[in-house]
Amino acid sequence: MALSPLDLISARPWHRAVFTTYALSLSFFEAVLLDALVRGGGREALILADIEGVRAGLSEQGARRVGRDYEVEPISVTSGVFHPKLSALVADDECHLLVGSGNLTFNGWGGNLEVVEHLHPGFAADAIDDAADFFELLALADNIRHGAADLCQAVANDLRKSTRGRARNGDIRLFHSLDGAISGKIAEAVDGLGGATRLVAAAPFWDSGKAISRLCEAIGLDHVFIHAHSGGTVQGKIGSNWPSQTSVEVRAVELEVLKEEKPRKLHAKAFEIICRRGRLLVSGSPNASTAALGAGRNVEACVARMQRNRTVGWTYVPSSPPQPMDPVDDADDGSAAIGILRAVLEGDHISGQVISPAMTGAASVCQVTAEGPRKLDDVDLAADGSFTASAPGLEVQSWKGGRLVVRVEASDGSVAEGFVSLAAFTEMTRRAGPLGPRLLAILAGTETPADVAAMMSWFHEDPRRMTQAAMPIGGGSAGERASQEDLTVAVSDLRLVRTSVPGADRPSAGGAGWVRFMGYVFAALREKRGPLEQVGAVRNADSEEEGDVITEEVQAVDRAVDHSLAVFEQFLDKMLSPGLAELHAFRALDLTQYICERLQPDQQRAKGWLQRLLDALTRIEIPDDRRELVSAVVLTLVGTRIDENDLRAARSRLVGIRADLHGDCPSPELARGFHSVLPQSAAFPELWDRVRRIRTYREQARYYLDALAAGHPADGYGELALAAKDEFATMADAFKSERSRKKIDVMKQWSEACPKCHRTLPKIEVGKLRSTAVATARNCCGHVLIWPEEAEHG
């Protein structure tokens, strides 16, 4: 059974889908065609539309995905309009071509009576080649203005590739107006079939009758049969619904082939010419007007089927001409139509071109928002209408959803608007694959627990993906170290997204757009957003009185949250493992805070993560711009339970990262994610003050060693004396006894062995050395060992 156009669009993952149209409804495209493409796994969608169609699309506030999930390129034709209705679907060496009369609108794909031809290289290689010619000429035509020349050439290359080695017989061709009048091509084809004996035409729009009269004369006929549609015709802006002044006889008929039980309005364009040696069928975009069938006017395209040795044609019954119908009144208020531009956003700059009308000189560029225009920059429009404007911060805004529209206002009062295409989007979808929509949901703050789990699995497959982001991560040469070894680990026990990203086997792989995008993702993870909406529902359900029924939906979310937390925990294990911690510790910190705030794990679990992170962070070099962050995290941990030992441990960590303990208190906002699940026993200023006043045992050990070097006891190590009672008798006697002094060994580097005898210390003594900085070499020389440094790595 033949596929419908929609079934064809969703049938497979087309790597390129191109649509040409005059009228355009972006709401229709997004709801119907783009949805079908996405369901089929399609990657790249492009619309080439007349400036009138683009102008209509700009008024559709509900269309939000233009410039990201698909591109719209405006086409301006100097002496006519861009009117073809082609759909090219390409995948590898395969291609399908739809050629018809319907615009990319709800009516064009169902509301009106339309015609469409489905072509494939297997039986219409000639027509596919003709379509390639069409796109090549569209890229080069002097009377057509657009910015899609490279894209048109790429489409032409795809089409030609699909016809290599295919048989050709010339029976199916694509006629277009870029290399001559369509009427002339029809006349030539008729001549090849032995000349015409009958012409039947159906079209919604006609000129006075000049075009159909000239076609009749060109093929040697003095009359024409014209379909009078019982459902009426679509009302247009120009022309009429019937040729009223022809030089040939017009006979009104009703075609059987166009009859419907519930007639729709006619928008189909079709011509049948019975010839002496066959039949010619022509259908597509051209109306029966001089602008459509003649040369140098509209851009049109249609399929011509030559059925050789066939003389039986359409059947019909006599009818009457329809009542004349006036063109649509646009209710022109006298103001000039707004111009149309195209623009591309890359980083902090917009590159664009005014397509229509011609605009040059000084101008301002604004972003069009619901609140009104927001000025971006002043520019000078070049002779061809091109410009470059500064737009800081606009790219990250565009990633979070919604379309971008910019306006150019020239000094003479002329105005043009257009959609902004996000240059990095195609690269993002190629690299992220199926995960792309999940990452976009995270950027927009609309993610679900399943999105979170999928992202964690994606990172878990290859943690180097986290390094492809434009933000500091600490660790100095970590990127260089990662390139020296294969850090990829298979995740056989995870059943989530497993995308293989081309080029992801190198930490530095990725264009600038991809690097910026990943930077935006991590910036989004640090934004204040609160719990996920679904997580909030689970918590509310859990807090209901006993006996209330918890819905299956809430239970499903609860299971999804548990799964996400389990996936994250596996990923955290990997990030903090030896060899990876230096590279990924700060990414792990950002992700853990995000997980705490969005998924709300229990306190014990979150505190365990926090302790592990701090253990890893205090073993690496902390960049200056991240020191306050780590300090805030240290205070958060001590704030969960305040006692003297915890305060000393916090101070030890702060001293170890060279935090400025005489400076201002860190901001609690830096640890917001942890605070969302870990209640604090005291405010940050109080914690900061207490940490500043307390001294670690290692600091007190250094005070003691300074006093010993000076030769007399001093203040500052009284707590150490109480904590190291067994050793302090010898330590105190060392001020007056050389023998006792010789029993004290200061360790210059960390070791679990006696520095003198090189025998491993008992475990209890190793513990004392770590906790109080003082221990005894009980299984060898019996000396007192002092380790005054704040970190084991020295």
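Everything below is about the structure printed above this text.
Given the structure is predicted, the values throughout are model-derived calculations rather than measurements.

Rules used throughout
- Residues numbered from 1 in each chain as written.
- Predicted model: local features only at pLDDT ≥ 70, side-chain atom pairs only at ≥ 80, totals over all residues.
- Heavy atoms only, no water.
- Helix = DSSP H or I, 4+ residues; strand = E, 2+ residues; numbered from the N terminus.
- Rg over C-alpha atoms; globule rule 2.2 N^0.38 Å.
- Buried < 20%, exposed > 50% of the residue type's maximum accessible area, 1.4 Å probe, protein only.
- Contact = heavy atoms within 4.5 Å.
- Areas by Shrake-Rupley, 256 points an atom, 1.4 Å probe, with all protein chains shown as cover.
- Lys, Arg positive; Asp, Glu negative; His and termini not counted.
- Charge placed at Lys NZ, Arg CZ, Asp CG, Glu CD.
- Axes fitted to C-alpha atoms, helices over the stretch in contact; angles between N-to-C directions.
- Parallel < 35°, antiparallel > 145°, perpendicular 65-115°, else oblique.
- Left-handed = near helix turned anticlockwise from the far one by under 90°.
- Nonpolar A, V, L, I, M, F, W, Y, C, P; charged D, E, K, R; others polar.
- Pairing = 2+ DSSP bridges.

## Overview of the overall build of the protein
Okay, step 1: Helix and strand content of the protein: 28 helices and 25 strands.
Okay, step 2: In terms of C-alpha radius of gyration, the protein reaches 38 Å, well past the compact-globule figure of 28 Å for 794 residues.
Okay, step 3: Seen through its principal axes, the protein has C-alpha atoms that stretch 130 × 60 × 55 Å.
Okay, step 4: Taken across its 794 residues, the protein has 54% of its residues classed as buried.
Okay, step 5: The contacts of the protein with a sequence gap of at least 6 include a subset with a gap of at least 24, amounting to 75%.
Okay, step 6: Accessible surface, the protein: about 34400 Å² in total, of which carbon and sulfur atoms supply 49%.
Okay, step 7: Across the protein, the mean location of the 89 positive side-chain charges is 5 Å away from that of the 107 negative side-chain charges.

## Things to note about the packing of helix α19 (residues 603–617) against helix α20 (residues 627–640)
Okay, step 1: In contact at an axis separation of 10 Å, α19 and α20 are set at 140 degrees when each is read in the N-to-C sense. With respect to each other, α19 and α20 are oriented oblique. Every pair of crossing elements has a handedness; the one defined by α19 and α20 is left-handed. Counting all contacts with α19, which are made through K607, L610, Q611, L614 and L617, the residues of α20 involved are V630, V633, V634, T636, L637 and T640.
Okay, step 2: By residue class, the composition of the contact of α19 with α20 is seven nonpolar, three polar and one charged.

## Re the sheet that holds strand β25 (residues 784–786)
Okay, step 1: Ordered in space as β23-β25-β24, the three strands form an open sheet in which the pairing is mixed. At either end of the open sheet lies a strand with only one pairing partner, and these are β23 (744–746) and β24 (774–776). In this sheet, adjacent strand axes meet at a mean angle of 25 degrees when their direction is disregarded.
Okay, step 2: The pairing of β23 with β25 spans three bridges and is parallel. When the sheet's bridge partners are listed, V746 is paired in β25 with I786.

## Describing the packing of helix α13 (residues 449–461) against helix α18 (residues 581–599)
Geometry of a packed helix pair, given as the angle between the helix axes and the separation of the axes.
Okay, step 1: It is the contact of α13 with α18, at a shortest axis distance of 12 Å, that shows an interaxial angle of 165 degrees. Of the possible angle classes, the one that applies to α13 and α18 is roughly antiparallel. Crossing of α13 against α18: the hand is left-handed. Contacts between α13 and α18 pair P449, V452, M455 and M456 from the former with L591, Y594, I595 and L599 from the latter.
Okay, step 2: When the residues that make up the contact of α13 with α18 are grouped by side-chain class, the tally is eight nonpolar, no polar and no charged.

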